[in-house]
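Now for the letters of each chain:
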Amino acid sequence: MLKAEGPASDNIIFTSFKDDAHGGDTNGDGSLTAPSAGDWKNITFNQNLATSTLSYTLVRYGGATNGFDPQGALRATHASIALDHAV
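Here the structure is a predicted model, which means the values were calculated and not measured.

Colleague: Account for the pairing of strand E4 (residues 51-59), with residues named and values stated.
Modeller: Counting buried residues along E4, seven of its nine residues qualify, which places the element largely inside the surrounding structure. One ladder, built from three bridges, connects strand E1 (residues 3-5) with E4; its direction is parallel. Each residue of the ladder has a partner; that of Ala 4, found in E4, is Leu 54. Here three bridges tie strand E2 (residues 12-14) to E4, and the two strands are oriented parallel to one another. Note on E4: the bridge partner recorded for Phe 14 is Val 59. Where E4 and strand E6 (residues 80-86) come together, six bridges link them in parallel fashion. Within the sheet, the bridge partner assigned to Leu 54 lies in E6 and is Leu 83.

Colleague: Quick one: what's the story with the nonpolar core, residue by residue and with numbers?
Modeller: Side chains of a nonpolar character, in soluble globular proteins, are inclined to be buried together. By size, the foremost hydrophobic cluster in this structure holds seven residues: Ala 4, Trp 40, Ile 43, Phe 45, Leu 54, Val 59 and Ala 73. Mapped by element, the contributors of at least two residues to this core are strand E3 (43-45) and E4. Ignoring sequence-local partners within four residues, the contact set of Leu 54 consists of Leu 2, Ala 4, Phe 14, Phe 45, Leu 74, Ala 82, Leu 83, Asp 84 and Ala 86.

Thresholds, definitions, all that
Residues numbered from 1 in each chain as written. Predicted model: local features only at pLDDT ≥ 70, side-chain atom pairs only at ≥ 80, totals over all residues. Heavy atoms only, no water. Buried < 20%, exposed > 50% of the residue type's maximum accessible area, 1.4 Å probe, protein only. Helix = DSSP H or I, 4+ residues; strand = E, 2+ residues; numbered from the N terminus. Pairing = 2+ DSSP bridges. Core = buried A, V, L, I, M, F, W, Y, C linked by side-chain atoms within 4.5 Å. Contact = heavy atoms within 4.5 Å.

Set out below in C-alpha cells:
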C-alpha cells in the first residue's frame, strides 16, 4: 500500500532528479540538465499495493519511452488506487 496524502497547500511530488523546480538542484549540476519524460520508469501498483491513495500529489517526468511497451508514470495491475487532486 502507498499512501501519498499531501495537503492542498503543499503537494507531494514524484519527479526526476533533474527537475530543479521541485526540491532544488538535487543532482548538483546547475542548469546543465533538464528533466524530460522517461527520466524514471513508473510507480507500479499491483496486488502488493492493492489499496493505495494519491491525494494532492503531482507526478512528473515518469513513464517508459521505449516504444515497445509504452507506460505512463502510474501503472495499475490488479490494484485499486484512490486519486484525489492528483496530476
